[in-house]
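# What the coordinates show
Letter by letter, the chains look like this.
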Amino acid sequence: MNGLSALLGRWPVSLRVPLLVALLMVVVSVAISERVLTRLAETQSRHLAQLADAYLDGLSSSLLPIVLHRDVWETFDKLDRAADLYGGLQLVRVVVADADGAALASSDPREIATGAQLSNSFLERFPEAGLRTDFATGRAYLHRTMLHQQRQIGAIYAIVDTSHLMRERREVLTQLVITNTGITLLLALFGYVAVKRMVRPLRVLAERLQEGGRGAVVPIKEPFPRGQEAQRLFGAYNSLVDAVGEREALAHRLAEEERHASLGRLASGMAHEINNPLGGMFNALDTLKRHGDKPDVRSKTIDLIERGLLGIRQVVGAALVNYRADETSRPLRREDLEDIRFLVGPEPMRRSVVLNWTNDVAGEVDISAASVRQIVLNLILNACAASPTGSVVAFAARSNGAALVVAVDDSGPGMPADARLYLSGEAVPERPMGNGSRLGLWVIRRLAHEIGALIEIGDSELGGARVVLTVPIAREKELAHVA
Amino acid sequence: MRTTFSRHGPRESECTRLCRRQVLSGLGALAAVGMARPAVATENGPLRLALTPVLMISDLDLLESLRGYFAAATGMQVELLTRRTYQEITSLVVSGQVHAAWICGYPYVKYRERLSLIAVPLWQNEPLYQSYLVVDAERQSNDWRMLRGDIHAFSDPDSNSGYLVTAALLAEEGLRPEAFFAKTFFTYGHRNIVRAVASGLAQSGSVDGYVWEVMARVEPELTDRTRVIRKSEPLGFPPIACSRELADTEPVRRLRTALLSMAENAEGRDLLELLGLDGFSVAHPDLYAGIARKVELVERFG
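Residues numbered from 1 in each chain as written. Chains lettered and ligands numbered in written order. Predicted model: local features only at pLDDT ≥ 70, side-chain atom pairs only at ≥ 80, totals over all residues. Heavy atoms only, no water.

Scanning chain B for helices and strands turns up 14 helices and 13 strands. Relative to its 302 residues, chain B shows a buried fraction of 54%. Taking as baseline every contact in chain B between residues at least 6 positions apart, the subset at least 24 positions apart corresponds to 79%. Accessible surface, chain B: about 13500 Å² in total, of which carbon and sulfur atoms supply 49%. (Helix = DSSP H or I, 4+ residues; strand = E, 2+ residues; numbered from the N terminus. Buried < 20%, exposed > 50% of the residue type's maximum accessible area, 1.4 Å probe, protein only. Contact = heavy atoms within 4.5 Å. Areas by Shrake-Rupley, 256 points an atom, 1.4 Å probe, with all protein chains shown as cover.)

Below, the structure written as structure tokens:
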């Protein structure tokens, strides 16, 4: 039973309902057929009994004086004529016996000759009086004793063919089966169509949800079905889609804001980088104005100005490379990581943190340069922010041909458990953690997911956290194609 | 007749649907009325003519044709009477309750002192016929002695062809029917003999050769199931006879004329066609000498 339930449970409801309808109809059909056939059998038996009584009454009254005189011919003649009169009874054989149990005449003298003693095997098939029906053999047996002045003078034994009654029952049964099968199939088909129509909104909804799981969640735009439930369902789904859309838009906005914030910090660093040489250059200019006529002073001062300008050009160049829009799909070069070192340079200085830089990446690596730079930039900024003054932040990058591995160690108190889970979890969080103050983590997580990178959080030898970013080189391309 | 039908209800619709048997039972009731109020054949009354089951009296059309012909030919009202047994018919004619009767040669011989011949039918242009011994068509032998131990069907104890001839045949061999046959019964009709043998009720039967031949023409499906194994010598055909007292009365004279002239007019020929006969001729008592010898033989044997 449980197996059947499990099997049924796997079938779609559009099959289960018609199947249940069909099963129900079969049960109803069997019940109705049984009642019809029982009533038919009762009616047939009653009619047969009535007809048999009428036959025996008529025959015995007409035969009585004849049997009394043992008139063989008249007995036979009466049987012969009665067979025509009682056409409703399909007589197989009629025997009129005398008081001694010998045949006086039979309707089939060749089988039971006049004067032949009726055998026990013949007599035992007949009831004491009246009718006995044997539907198995398709025969009914009639017996009537003929009495005259309270003495038995003879008996009538008749065998009637009832196979036509069985045939009639079989025909009725066949009709019932055909009709009920037709109705069952019709109702099952109707059930199938009706349920199919009923579950169509659910199917549409399921398809949309599956599509949503694979990519974008799309609202249902086709006209809503008529049913109230379906309309509510579709309405609720569309509201859900709207809410998801709004949330994603919010997330994008937050990401943009974070980007701007990062930009602001970078701009501040850049200003600091430019401001130092700028001050020197202004001093050099003053020196030139005052002592420009001295060749050695002029030469040193111009060198100083040139180094200052070179430093400014390097800062501006790194910033340009980092933020050029068409740079997103460019392969990562060793210099990209070196640019980051230069870009974040002011931050460790500001915090009096030593940045240990190890860059073993050689040549080009087929990984999106922009994403890696964004992730590394954020990881280093976060590491600097977490490390106390005077401590060390370590950066190490290497490429082994299959993957780019970047490790950032800090000397901070270690990463909180929720932040660890947030960064290294399997599913990409749909929104920034907490109140949005740690947007950097969310940016790292999103970008890492986009390029198929794995983030592992561990404990650093420096005392703080160690974040290892592993970016598969081949996989990055596949994802790019899928995207 | 009225008495009988009133018992079943006098509705016309029912009466028109009466079957042959009911009409015959009506005729039987008529006879019963006649016996209750003994009728005597008179010169002024209707011509009363009794018929033995020699004829195929079950055919109501034939009876009506006979009545119609005799009524037209004699100019008298005609009353036809039928009975189940020869004895009843013989009684009617011997006692003068009917003007004439178509009887068998055997009762004529028995009562020839009191009866007078009116005419004798011509079958195959002779006033003669034969008695047949018939068996089931499947039986092989043609020897009548093989019938020993049979259930045998006779027509009537007063029938020449349906009893006397076979009884005489057995008497010639020193046998009696009840000893030779395992069982015998009477069917009171030659057609019934053929039915009894064809159905297997009897294994053999004694039947009027004329009736068997007519049946072979009109009911071959019945006679085909029987086979004739012995035909007797030709014997006098059942005559139309009357009581000697009535022999010279006007009704009998008219009847004789009607019979003898039957082949001379169209209606008569039609009737003869129905009967399977060629006509009627004047009969002489010597015609029945052969039957008389058989009667003597059987009576002598006891």
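This brings us to the confidence of the model for chain A. All names here are of chain A. Within chain A, residue pLDDT values average 83, and 92% of them lie at 70 or more. Here helix α13 (residues 473–482) is the element of chain A with the lowest mean pLDDT, 48, and strand β2 (residues 103–106) is the one with the highest, 94. Of the regions scoring below 50 in pLDDT, residues 475–483 engages in nine contacts with residues more than four places distant in sequence or in other chains. (pLDDT = per-residue confidence, 0-100.)

On to the interface of chain B and chain A, then. Facing the 16 residues of chain B at the interface are 14 residues of chain A. Counting each side, the surface lost to burial between chain B and chain A is near 1300 Å², with a carbon and sulfur contribution of 56%. In this structure, the connection of chain B to chain A is made through five salt bridges. When the shortest N-O distance is used, the salt bridge between arginine 195 of chain B and aspartate 77 of chain A registers 2.8 Å. (Buried area = accessible area lost by both parts, 1.4 Å probe. Salt bridge = Lys/Arg side-chain N within 4 Å of Asp/Glu carboxyl O.)

Quick look at a nonpolar patch on the surface now. All names here are of chain A. Taken together, Leu7, Trp11, Leu15, Leu19, Leu20, Leu23, Leu189, Tyr192 and Val193 make up a surface patch of nonpolar side chains, about 770 Å² in accessible area. Broken down by secondary-structure element, the contributors of at least two residues to the nonpolar patch are α2 (13–68) and α5 (163–214). The element contributing the most residues to the nonpolar patch is α2, with four residues. The topology assignment puts valine 193 in helix α5. Of the residues examined, valine 193 reaches a relative accessible area of 42% and is grouped as partly exposed. (Patch = residues over 30% accessible without salt bridge, like charges linked within 9 Å, V, L, I, M, F, W, Y side chains within 5 Å.)

Residue and element names in this part refer to chain B. Relative orientation of the contacting elements helix α7 (residues 160–172) and helix α14 (residues 289–301) amounts to 55°, with a least axis distance of 9 Å. Relative to α14, the element α7 is oriented oblique. Judged by the twist between their axes, the crossing of α7 over α14 is left-handed. Two secondary-structure elements touch here, α7 through Asn160, Leu164, Val165, Ala167, Ala168, Ala171 and Glu172 and α14 through Ile291, Lys294, Val295, Leu297, Val298 and Phe301. Residue composition of the contact of α7 with α14, grouped by class: ten nonpolar, one polar and two charged. (Axes fitted to C-alpha atoms, helices over the stretch in contact; angles between N-to-C directions. Parallel < 35°, antiparallel > 145°, perpendicular 65-115°, else oblique. Left-handed = near helix turned anticlockwise from the far one by under 90°. Nonpolar A, V, L, I, M, F, W, Y, C, P; charged D, E, K, R; others polar.)

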